[in-house]
Amino acid sequence: MPLTGEYKPSTSAWARSQAERFEASGGAEANLLRGVPIIVLTTVGAKSGALRKTALMRVEHDGRYAVVASKGGAHDEPRWAENMRRHAHVELQDGADKRDYRARELAGAERDEWWARSSAVWPDYDKYQTKTDRLIAVFVLEPLEG
């Protein structure tokens, strides 16, 4: 069941523009970041309950996706990470395909496995981890059936 609610755009102009262009064009436009494919993640705001859209690197394996809460190695994490901890039901758009997923935060060997997949797609993740003392959160998004 698709998410419902009021959409609150990002306060970051470039992030808002990319997510909105990607979604409006069915993934045909604004689908790359520095030459690497992206997806658009929709979460429910932990405090506001509003829908939030974020363009993130496309890390897919066997129909599941990883999203990495790196925020470029900042000491605080992106808000969407807490959104998913509170509301695990998310939507992900990959190209024209938009589906419902359940987000799950990873730990241990499973996190390491998805971190390696993520870093293979976006090597900057390894640099980001060296810039912060926090362990950057990695979430796997698994399709919701039916």
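Here the structure is shown first, and the text comes after it.
This text gives an overview of the structure that appears in the document. (Residues numbered from 1 in each chain as written. Predicted model: local features only at pLDDT ≥ 70, side-chain atom pairs only at ≥ 80, totals over all residues. Heavy atoms only, no water.)

1. Points about the pattern of salt bridges
As enumerated under the stated definition, the model contains 16 salt bridges in all. The shortest N-O distance in the salt bridge between Arg 85 and Glu 105 comes to 2.8 Å. Of the two residues, Arg 85 sits in helix H2 (residues 79-86) while Glu 105 sits in strand S7 (residues 97-105), which places them 20 residues apart along the sequence. Arg 85 gets classed as partly exposed once you look at its relative accessible area, which sits at 34%. Note on Glu 105: relative accessible area 38%, which makes it partly exposed. Measuring nitrogen to oxygen at the nearest pair gives 2.9 Å for the salt bridge that ties Arg 104 to Glu 110. We classify Arg 104 as partly exposed; its relative accessible area is 31%. Accessibility expressed as a relative area gives 27% for Glu 110, which makes it partly exposed. Salt bridges here are not isolated pairs; linked through shared partners, they connect Glu 77, Glu 82, Arg 85, Arg 86 and Glu 105. (Salt bridge = Lys/Arg side-chain N within 4 Å of Asp/Glu carboxyl O. Helix = DSSP H or I, 4+ residues; strand = E, 2+ residues; numbered from the N terminus. Buried < 20%, exposed > 50% of the residue type's maximum accessible area, 1.4 Å probe, protein only.)

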